[in-house]
Amino acid sequence: MVLRKTQSLCPVCLGKIDAEIVEEEDGVYLAKTCLDHGNFKTVLWRGSGDSFLIWDRYAENGGGPGGDLSEIKKGCPYDCGPCLAHTGGICVALIEVTHRCNMRCPICFSSSPEVPAFEPDIEAIKRLYRTILATGTTPPLQFSGGEPTLRDDLPEIAAAASDLGFEMIQINTNGVRLAEDTRYLLKLKENGVKILYLQFDGVTDDVYYATRGGPLINTKIKVIENCSNVGLAVVLVPTIVPGINDSQIGRIVQFAKQWMPVVRGVHFQPISYFGRYPQVPDNRERITLPEVLNALEKQTDGEVRISDFKPRRSKDAHCAFAGFFVLGDDGALISAFSPVVRSTSKPAAAVRRFLETYWSPTPRRCSCQPCSCGMDSIPDELLNWVQAHSLTISGMPFQDVWNIDLERLEGCCIHVATDGSLVPFCAYYLTSIRGKRLYHR
Amino acid sequence: MAEMGEAWEEWYCFKCNEKVTEGEVQFSYLQFKKPVKGTRCPKCGAVFVSEEMGRKLRSIEEQIEDK
């Protein structure tokens, strides 16, 4: 049964083609045909069509990114700047500071370090900052790559961002250098970095052998310890690969709990196939959001439940889910999201505020002793308490050339800054079956 | 609700018509619990929350409970 019609891309030629989102016995699929290159059918959702459509209730127009938008000429996804048709705001802006990398993972969305060497100097990076500022916001800023920590001048790059008013600076990192070089880590903190967005695929080394080619769990633990010592926050970012680490989803949550409050959240990313990956993916090599949510409930023995999570407020709510928990006195997570409270702010602004509050470094857990103070102290103390006791659990499936829904892309709020323009993440990193890119480099 | 100002001694509970008293009140949210000084009706126990405090707590609630 057809649930919705949309448009997608041919995985071979990247031409725009019609697509249908269809319900079948075992899930929801994106089906499309290129007259030159044949039929493609990719799983989007292993759940019922009804459960897929229920998430549409959270769909919301983001109001666009602001700033100088490009004209619509060829249509999505060829006019990114973004173009006038884009409805997503800006919740995070990415900057690629290097294409070098100290690892060579079997799976890498940016194909580092194989891509041509490129490293913008500080002046070029400041131009990228100005591109972001032209939208009228200072969103959370993420340094990406490559491995950003290979740049010795990353503290200066962060300082330049701080000077321009960026407050929430994140580094997307494998953590290898930061496990050893604590002086460098401290310099990053002193120059405005707040968060490590830490690649963290599992709690045992067999996972890292499969996803990254070597043992890394002790490295990850060392990075987290170092961050705890210098006062940086950590968000664990597992790429979930069926058969490799989908059985560790619950253990990753337990690990995160053990490391609260330095670990502020876990952000699960079902594997997407762009950049470098071993072979053209079969549907069995995909894991979808309902499966991640089911695993969260089952593997935590119901400590977190599917109903604790909300879909993303976006043009297409299937872009992400999030849950927000506080650690109770008995050591169990308690959901703090309300089914009835709904923010009046625009979706991207709400996400920005949420990340700024709950992914940021937090003071050590407060004792919250009785005192003779009046009620005036409550708001600050309550916020401190929540920050020190909270954990976010979220997930985001990126779109690749097989499963991309162009209507969903129009609502994207994660943008990569390039010279003079902002390109939605999934358009920027998308590669054809032959490795051809739409934008990247 | 209005700002109470300094002279809380002159305030009465709207429902019970009792003069409010100052004492320890328990504030709790999720598992955050904190006894603070507050003003309450000795009969029904209603605690006076100023408009400004109400707004602040509403804003925090929105931050916590929605994304």
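Here, the structure is the one placed above.
What counts and how
- The written sequence of each chain sets the order in which its residues are numbered from 1.
- Whichever chain is written first becomes A and whichever ligand is written first becomes 1, with later ones labelled in order.
- This being a predicted model, a pLDDT of at least 70 is required before a residue's local features are given, and a value of 80 or more before pairs of side-chain atoms are given or counted; all residues contribute to the totals for chains, interfaces and linings.
- Computation of side-chain values: all heavy atoms of the structure, hydrogens and water removed.
- An axis is simply a line fitted to the C-alpha atoms; with a helix, the fit covers only the stretch in contact. Between two such axes, the angle follows the N-to-C directions and lies from 0 to 180 degrees.
- We count a stretch as a helix when DSSP gives it H or I for four or more residues in a row; a strand needs E for two or more, and each element gets its number in order from the N terminus.
- Note on terminology: angles under 35 degrees are roughly parallel, angles over 145 are roughly antiparallel, angles of 65 to 115 are roughly perpendicular, and the others are oblique.
- Every residue pair with non-hydrogen atoms within 4.5 Å of one another is taken to be in contact.
- Residue polarity is assigned by list, with Asp, Glu, Lys and Arg as charged and Ala, Val, Leu, Ile, Met, Phe, Trp, Tyr, Cys and Pro as nonpolar; anything else, Gly included, falls into the polar class.
- Put simply, a disulfide is two cysteine sulfurs that come within 2.5 Å.
- Exposure classes here rest on a 1.4 Å probe applied to the protein chains alone. A residue is buried below 20% of its type maximum, exposed above 50%, and partly exposed in between.
- Side-chain atoms within 4.5 Å are what join buried Ala, Val, Leu, Ile, Met, Phe, Trp, Tyr and Cys residues into a set we call a nonpolar core.
- Note on ring pairs: Phe, Tyr and Trp rings are taken, using the six-membered ring of Trp, and paired if centres are within 6.5 Å. Classes follow the plane angle, with under 30 degrees stacked, over 60 edge-to-face and the rest tilted.
- In this scheme, the term charge over a ring applies when either NZ of a lysine or CZ of an arginine sits within 6 Å of the ring centre and within 35 degrees of the ring normal.

Visitor: For this particular structure, what's the right way to read the packing of helix H3 (residues 154-163) of chain A against helix H5 (residues 182-190) of chain A?
Guide: Residues and elements named next belong to chain A. Remark: H3 packs on H5, axes separated minimally by 8 Å, with the N-to-C direction vectors making an angle of 10°. Compared by their axis directions, H3 and H5 come out roughly parallel. Residues Leu-154, Pro-155 and Glu-156 of H3 lie in contact with H5, whose contacting residues are Tyr-184, Lys-187 and Leu-188. A breakdown of the residues in the contact of H3 with H5 according to their chemical character gives four nonpolar, no polar and two charged.

Visitor: Would you take a moment to explain the state of the cysteines for this structure?
Guide: Here, the word disulfide means a covalent bond between the sulfur atoms of two cysteines. Residues and elements named next belong to chain A. As enumerated under the stated definition, the model contains one disulfide over all chains in all. Across the disulfide from Cys-91 sits Cys-413; the S-S distance is 1.9 Å. Handedness of the Cys-91-Cys-413 disulfide follows from its S-S torsion of about 60°: it is right-handed. Remark: Cys-413 occurs in the loop between helix H12 (406-409) and strand E16 (414-418) and Cys-91 occurs in the loop between helix H1 (49-54) and strand E5 (92-96); sequence separation between them is 322 residues. In this structure Cys-91 comes out as buried when scored by relative accessible area, which is 2%.

Visitor: What exactly am I supposed to notice about the nonpolar core here?
Guide: The tendency in soluble globular proteins is for nonpolar side chains to be buried side by side. Residues and elements named next belong to chain A. Counting 77 residues, the largest nonpolar core has Tyr-129, Phe-143, Leu-236, Phe-268, Leu-296 and Ile-393 as its most contacted members. Residues in contact with Tyr-129, not counting those within four places in the same chain, are Ile-95, Leu-141, Phe-143, Ile-157, Ala-160, Ala-161, Leu-164 and Phe-166. Counting residues in hydrophobic clusters, the runner-up holds 68 residues, among them Val-351, Tyr-358, Val-386 and Leu-430.

Visitor: What exactly am I supposed to notice about the environment of Tyr-208 of chain A here?
Guide: Residue and element names in this part refer to chain A. Looking at the secondary structure, you find Tyr-208 in helix H6 (residues 205-212). For the pair Tyr-208 and Ser-345, spaced 137 residues apart in the sequence, the C-alpha separation amounts to 40 Å. Look past the residues within four positions of Tyr-208 in its chain and what remains in contact with it is Phe-200, Asp-201, Gly-202, Gly-213, Gly-214, Pro-215, Leu-216, Ile-217 and Lys-220.

Visitor: Mind showing me how you'd approach the packing of aromatic side chains here?
Guide: Residues and elements named next belong to chain A. Evaluation of the coordinates by the stated rule reveals 21 aromatic pairs over all chains. Taking the centre distance of 4.7 Å and the plane angle of 50° together, the rings of Phe-425 and Tyr-429 count as tilted. With relative accessibility at 0%, the residue Tyr-429 sits in the buried group. What links up through ring pairs into an aromatic cluster is the set Phe-109, Phe-274, Phe-398, Phe-425, Tyr-428 and Tyr-429. The aromatic ring of Tyr-29 is capped on one face by Lys-41, whose charged end is 5.3 Å from the ring centroid. The ring of Tyr-184 has Arg-177 sitting right over it, with the charged end atom 3.6 Å from the ring centre.

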